[in-house]
Amino acid sequence: MAQDPEILPPRIRTSAATDEALDHLATLLDSAFEIPGTRIRYGLDGLIGLIPGLGDIITGLMSLFIVFVGWQRGISRITQARMLMNIVIDTAVGAVPILGDAFDVAWKANLRNVALLERHLIAPQRAQRADRFFIACLIGGVMLVIAGVLTLGIVLTRWLFHLVGVA
């Protein structure tokens, strides 16, 4: 059975219509509106995110389209992972009541992901190095936070035992 190229497009490097659609989607989700009298911009991500629980999941799923287009164009897995991390951060922190809504206005995951996609298409090797460095720093930061929490737990436990006289 032959596959129709109209249904399953090949991995493409450039498409003006797709680039315009991605820019439009990212702008719509992250910065389509402006708070009057300020320079603060927000998008549907901030508005739909006001719906408890469901709003951030909906916009997170919409954000995956940008990663899908990147995958379709053959960007590296490390760049895809970085794009997915942006979405996970946006969705997870955005789900926190009140703080998450403010975060949705500040964290422009979709605009970041479109920029990552464009950067990768222009200079793939340089983009991969930068993405690997970012992921390494992120993993190192997470490990430092975990080590800090464990150390704090040990110190507090020792202090509590010392306080009650069980040493």
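Note that the structure is predicted; figures quoted are calculated from it, not measured.

So, the overall build of the protein
- A count of helices and strands for the protein gives seven helices and two strands.
- When the helices and strands of the protein are listed from N to C terminus, the series reads α-β-β-α-α-α-α-α-α.
- Counting the 167 residues in the protein, one finds 28% classified as buried.
- A separation threshold of at least 6 residues defines the contact pool for the protein, and within that pool the share at least 24 residues apart is 58%.
- A total accessible area of about 10,900 Å² is found for the protein, and carbon and sulfur atoms account for 72% of it.

Quick notes on the environment of Trp 71
- Counting through the fold element by element, Trp 71 comes out in helix α3 (residues 54–72).
- For the pair Trp 71 and Leu 117, spaced 46 residues apart in sequence, the C-alpha separation works out to 9.6 Å.

Digging into the nonpolar core
- Formed by 13 residues in total, the largest nonpolar core has its most connected members in Leu 22, Ile 66, Met 83, Val 114 and Leu 117.
- Secondary structure elements with two or more residues in this core: α1 (16–30), α3, α4 (77–94) and α6 (109–122).
- Of all the elements, α1 adds the most residues to this core, at four residues.

A few points about a nonpolar patch on the surface
- Taken together, the side chains of Leu 152, Leu 156, Trp 159, Leu 160, Phe 161, Leu 163, Val 164 and Val 166 make up a nonpolar region of the molecular surface, amounting to roughly 840 Å² of accessible area.
- Turning to its location among the elements, Leu 156 is positioned in helix α7 (residues 124–164).
- When its relative accessible area of 43% is taken as the criterion, Leu 156 is described as partly exposed.

Some points on the environment of Ser 31
- Relative to the helices and strands, Ser 31 resides in the loop between α1 and β1 (33–34).
- Overall, the relative accessible area of 13% leaves Ser 31 in the buried class.
- In this view, Ser 31 contacts Ala 26, Arg 41, Tyr 42, Gly 43 and Leu 111; residues no more than four positions away in its chain are not counted.

Let's talk about the packing of aromatic side chains
- According to the stated counting rule, one finds three aromatic pairs in the structure shown.
- Ring centres of Phe 33 and Tyr 42 lie 5.6 Å apart, and the angle between their planes is 40 degrees; this geometry places the pair in the tilted category.
- Ring centres 5.7 Å apart and planes at 15 degrees place the aromatic pair Phe 103 and Trp 107 in the stacked group.
- Classification of Trp 107 as buried rests on a relative accessible area of 18%.
- The aromatic ring of Phe 134 is capped on one face by Arg 82, whose charged end is 4.0 Å from the ring centroid.
- Positioned above the aromatic ring of Trp 107 is the side chain of Arg 112, whose terminal nitrogen or guanidinium carbon lies 3.8 Å from the ring centre.

Digging into the packing of α4 against helix α5 (residues 99–106)
- The N-to-C vectors of α4 and α5 enclose an angle of 150 degrees; their axes lie 8 Å apart at closest approach. Of the possible angle classes, the one that applies to α4 and α5 is roughly antiparallel. In contact with Ile 89, Asp 90, Val 93 and Gly 94 of α4, α5 contributes Gly 100, Asp 101, Phe 103 and Asp 104.
- By residue class, the composition of the contact of α4 with α5 is three nonpolar, two polar and three charged.

Considering α3
- In this model α3 runs 28 Å from its N-terminal to its C-terminal C-alpha over 19 residues, within 8% of the 27 Å that 1.5 Å per residue would give.
- Among all positions in α3, only Gly 55, Asp 56, Thr 59, Gly 60, Ser 63, Ile 66, Val 67, Val 69, Gly 70 and Gln 72 are buried.
- In the stretch just after α3, Gly 74 is the one whose phi turns positive, near 85 degrees.

Reading the values: rules and limits
Residues numbered from 1 in each chain as written. Predicted model: local features only at pLDDT ≥ 70, side-chain atom pairs only at ≥ 80, totals over all residues. Heavy atoms only, no water. Helix = DSSP H or I, 4+ residues; strand = E, 2+ residues; numbered from the N terminus. Buried < 20%, exposed > 50% of the residue type's maximum accessible area, 1.4 Å probe, protein only. Contact = heavy atoms within 4.5 Å. Areas by Shrake-Rupley, 256 points an atom, 1.4 Å probe, with all protein chains shown as cover. Core = buried A, V, L, I, M, F, W, Y, C linked by side-chain atoms within 4.5 Å. Patch = residues over 30% accessible without salt bridge, like charges linked within 9 Å, V, L, I, M, F, W, Y side chains within 5 Å. Salt bridge = Lys/Arg side-chain N within 4 Å of Asp/Glu carboxyl O. Phe/Tyr/Trp six-rings, centres within 6.5 Å; stacked < 30°, edge-to-face > 60°. Lys NZ or Arg CZ within 6 Å of the ring centre and 35° of its normal. Axes fitted to C-alpha atoms, helices over the stretch in contact; angles between N-to-C directions. Parallel < 35°, antiparallel > 145°, perpendicular 65-115°, else oblique. Nonpolar A, V, L, I, M, F, W, Y, C, P; charged D, E, K, R; others polar. Expected span 1.5 Å × (residues − 1).

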